[in-house]
Amino acid sequence: MNDTTDDRTRILVWGFTVAAVLAVLVGGVGLLADPVAAHGEDGGGNASQPTQSLCEFPNPEWREAQTIAGVDIQQSRHCRPDNPNAVAASVAGTNNVPMDVLMRTGYARDAVEKCCDRDGDGDPDVIRITLEINELNGGAVEHHIAPGVSPGMWVFSPKTRGMVENGSASSRLVRAPSPSIRLEAGDTVYVTVENTHYQPHTVHFHGTDHPYESNGTDVDGNDGVPQTSERPIKPGENRTYKFTPGEPGTMFYHCHVAPDVHIPMGLSGMFVITENASDNRVQTFNNGAGKVRHPSRAEGNDTAGVYDLHYQALDKNLSRIPATHDDPRRVATLMNRRHDATDASMDYYLLNGRSFPYTLQESPIVVDPGREYRLRVLNSGPRDVAVHTHGHKATVEAYDGVTLNESNEIQRDVIDVAPAQRVDLTLNTTDDGRNSYGPGVWFMHDHREPGVTTDGISPGGNINTITYASYLDERTELPQTETDLGRYFNSSYYAGEVPYWSNLDEKLAAGNATSTATAGAVDHWVGANEMRMEMRMAEGGLVVNENEKDPPYGCDEIRGTRNVTVEAGEQFAEPGEMFAYNRSQWQFDTCTRVNVTLVNTDEVRHQWMIHGLLRTSYPGGMFNIEANGGTSVTGTFVTPGVDTRLQLHCSVPSHDMSGMNGTVVVGNPSSGNTSADAATATDDANESTATAAVGTGALLSSSPPSVALGAVVLALLSGVLLARRRWN
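As a starting point, this report considers the structure included with it. Just so we're clear, the structure is a prediction, and the values are computed from it rather than from any experiment.

A look at the state of the cysteines
Line of reasoning, step 1. Summed over all chains, the structure comprises 3 disulfides.
Line of reasoning, step 2. Across the disulfide from Cys55 sits Cys79; the S-S distance is 2.1 Å. Because the torsion about its S-S bond is 110 degrees, the bridge between Cys55 and Cys79 counts as right-handed. Here Cys79 lies in the loop between β2 (71–73) and α3 (84–92) and Cys55 lies in the loop between α2 (35–39) and β1 (66–68), a separation of 24 residues in the sequence. A single burial state applies to Cys55 and to Cys79, both of which are buried.
Line of reasoning, step 3. Each sulfur in the disulfide pair Cys115 and Cys116 lies 2.5 Å from the other. In this structure the cystine formed by Cys115 and Cys116 twists about its S-S bond by roughly -75 degrees; its chirality is therefore left-handed.
Line of reasoning, step 4. Each bonded cysteine in the protein chain gets a number by its place in the sequence, and the pairs come out as 1-2, 3-4, 5-6.

Here it is as structure tokens:
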């Protein structure tokens with residue numbers, strides 16, 4: 001080899017060494033800044049990931065017994081309990097709790113309004129409920145039913161406030177199943193459905209006594225059936241159902257538009273009418289079902305605890321449709337013409353919106369010896385559920401809201417529940433060899449074997465436990481079991497990559513232990529400080545992170561003022577869309593005060609939300625205006641001091657994907673995709689060093705994985721060019 005060849009070899013090695021270093025430094029920044037990119041969607045799922053807690057939850061204090069706004073809330077011995085503030089607001093009424101309590105719930109002010117003790121017995125008798133219709137795993141809100149498994153679903157949800165995005169208080173209310181709703185017999189009830197979805201819907205109150213018509217017309221009926229009582233509620237419209245239920249019992253509510261599709265997609269929930277009693281304040285919403293943390297006097301006086309158990313089954317092929325298509329017309333065609341319910345196969349079996357092992361985090365029936373517990377069971381799936389209670393024989397007290405005579409009550413350890421059927425059970429934990437076999441962690445599952453699988457993989461599905469409190473792990477609040485549960489909290493297991501018997505092989509078991517996925521990461525829980533926004537309640541809505549006078553970094557002063565009016569509604573949608581703004585792009589100068597008036601022309605709420613602003617001036621990097629149906633709200637922000645393009649959309653689930661999005665252009669950004677990264681590069685830097693931070697590393701620290709990958713490629717090319725230059 002001659003000297004020239006040696007020199008060229010050294011140059012090539014030198015060039016690629018530089019490229020490798022740049023790739024590590026540049027690409028690593030992007031990957032380290034995005035743990036989801038580095039570790040997978042669920043924060044776990046491959047053998048290189050570290051073992052983490054199976055119960056990572058940011059608010060362990062929620063488990064404690066407590067009193068909020070005068071409402072007594074029972075202890076919850078669950079890994080992931082419901083929000084006690086939401087329980088209190090649901091009992092007292094969102095119009096009757098202090099503002100600081102309401103702000104911690106995610107509820108809108110009119111989610112459940114209560115008033116008027118007409119009979120003088122100490123509890124409200126006029127209840128006004130507002131429901132929205134939202135989409136899971138196709139828009140802003142992710143809902144994982146098992147590690148790595150997130151089928152598309154539609155749900156009713158209490159009307160929420162503000163951002164409905166992963167980690168926000170509101171997002172915890174938008175989940176499967178649709179919430180259990182409780183009322184008292186004799187209450188005058190108004191249920192308003194604001195159709196925030198892109199498909200038409202109704203509500204049928206199945207088993208609840210209600211009049212056929214609410215106002216004497218067939219246009220605005222009360223039974224929820226389009227073929228007989230009313231027209232469907234179109235996107236952007238609302239309708240109020242009014243009735244006074246007199247018959248107590250466990251009932252059912254669901255959409256009756258294309259029920260062969262809409263019910264299997266998740267639009268159903270438990271509807272409980274409790275007996276009338278004095279001071280009988282009920283927990284109107286039980287979000288996520290599970291334990292009722294404030295049983296009413298009529299429901300819980302004679303029991304140690306009340307549990308709602310909602311069984312569902314999903315067809316994977318049906319659930320994929322809305323998650324993979326943006327055009328509502330295409331979704332409607334595939335669901336209502338191509339999908340054949342008679343050929344459907346059930347791939348996912350859920351209990352209270354989750355499959356095993358996540359059922360162990362939210363739904364175990366936690367008991368003490370020698371007590372009685374009330375279980376309300378609903379099967380909204382298309383197949384029978386054979387509920388088997390290991391170690392116990394439960395007593396059937398009622399079917400479909402009709403209490404059985406004592407002589408007709410039957411005690412069983414397998415209770416068959418038909419589609420749409422409701423069964424009330426009493427679980428007695430007296431250790432007498434019949435009611436109970438004694439303390440332990442007792443399996444509870446569907447004895448139709450497919451029900452204990454997730455997409456054909458076992459164990460999965462609707463597996464649950466009856467767990468005696470002495471058998472709970474005090475660190476995780478999970479049942480203490482003979483086998484290591486960690487391997488099931490792993491997306492690799494439900495991807496079919498882990499052998500069923502691997503726990504019997506010590507080496508394989510050790511490998512599985514290192515790949516355990518964190519339960520908390522799956523739902524992307526966000527610490528309270530990360531989501532803390534500055535909110536101003538306005539008549540007709542709210543404004544988040546308003547800024548009227550503080551120049552963001554890069555602006556020495558506010559250089560001007562703009563007043564703009566934004567209209568939002570169904571009328572502005574193009575073909576293939578359902579909701580839109582009157583414009584798709586707004587242009588502003590840098591360092592400009594912008595007064596935005598959002599005019600909502602629909603009957604459901606809409607938002608005008610900007611992302612990518614400087615976090616030093618706008619917590620979370622966003623500014624948002626929300627206006628309820630038929631109202632207008634004005635808010636103010638100041639544009640950045642750099643030329644940039646900012647993302648704009650409505651964060652109400654499914655509004656963004658159905659057309660309600662756009663762009664805010666600040667200054668004169670280049671024709672390329674500038675995005676918000678340049679504006680957010682100085683988010684975490686102080687003002688004295690911010691200018692230096694606007695460089696490659698700072699830019700990539702807020703970039704998605706694709707940007708980091710691009711940086712790696714760019715670095716490699718740079719090394720090659722350097723080598724070539726030295727070569728020549």
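Details of the pattern of salt bridges
Line of reasoning, step 1. Counted according to the given criterion, the structure contains 23 salt bridges.
Line of reasoning, step 2. Two residues, Arg104 and Asp100, come together in a salt bridge whose shortest N-O distance is 3.6 Å.
Line of reasoning, step 3. Asp100 sits in the partly exposed class, given a relative accessible area of 45%.
Line of reasoning, step 4. The salt bridge partner of Lys393 is Asp413, with a shortest N-O separation of 3.8 Å. Of the two residues, Lys393 sits in the loop between β18 (385–389) and β19 (394–399) while Asp413 sits in the loop between β21 (410–412) and β22 (414–417), which places them 20 residues apart along the sequence.
Line of reasoning, step 5. You can call Asp413 partly exposed: its relative accessible area is 25%.
Line of reasoning, step 6. Through salt bridges with shared partners, a single ionic network connects Arg182, Glu299, Asp308, Arg376 and Asp424.

Structural notes on the sheet that holds strand β33 (residues 622–627)
Two modes of strand pairing occur in sheets, parallel and antiparallel, and in both the strands are linked by backbone hydrogen bonds.
Line of reasoning, step 1. In spatial order, the strands read β26-β27-β33-β32-β35-β36-β30; together these 7 strands make up an open sheet with mixed pairing. Every interior strand has two partners, whereas the edge strands, β26 (535–538) and β30 (585–588), have only one. Strand-to-strand, the axes of this sheet are offset by a mean angle of 15 degrees, without reference to chain direction.
Line of reasoning, step 2. The pairing of strand β35 (residues 644–649) with strand β36 (residues 661–666) spans 6 bridges and is classified as antiparallel. Across the sheet, the residue bridging to Leu648 is Gly662, located in β36.

Structural notes on the sheet that holds strand β34 (residues 632–638)
Line of reasoning, step 1. As summarised here, the arrangement of the 4 strands in space is β29-β28-β31-β34, forming an open sheet in which the pairing is mixed. Only two strands of the sheet have a single neighbouring strand rather than two, namely β29 (580–581) and β34.
Line of reasoning, step 2. Inspection of the sheet shows strand β31 (residues 592–600) paired to β34 by 7 bridges, in the antiparallel sense. By the bridge assignment, Thr597 is partnered in β34 with Thr634.

Cut-offs used in this document
- Residues numbered from 1 in each chain as written.
- Predicted model: local features only at pLDDT ≥ 70, side-chain atom pairs only at ≥ 80, totals over all residues.
- Heavy atoms only, no water.
- Disulfide = S-S within 2.5 Å.
- Helix = DSSP H or I, 4+ residues; strand = E, 2+ residues; numbered from the N terminus.
- Buried < 20%, exposed > 50% of the residue type's maximum accessible area, 1.4 Å probe, protein only.
- Salt bridge = Lys/Arg side-chain N within 4 Å of Asp/Glu carboxyl O.
- Pairing = 2+ DSSP bridges.
- Axes fitted to C-alpha atoms, helices over the stretch in contact; angles between N-to-C directions.

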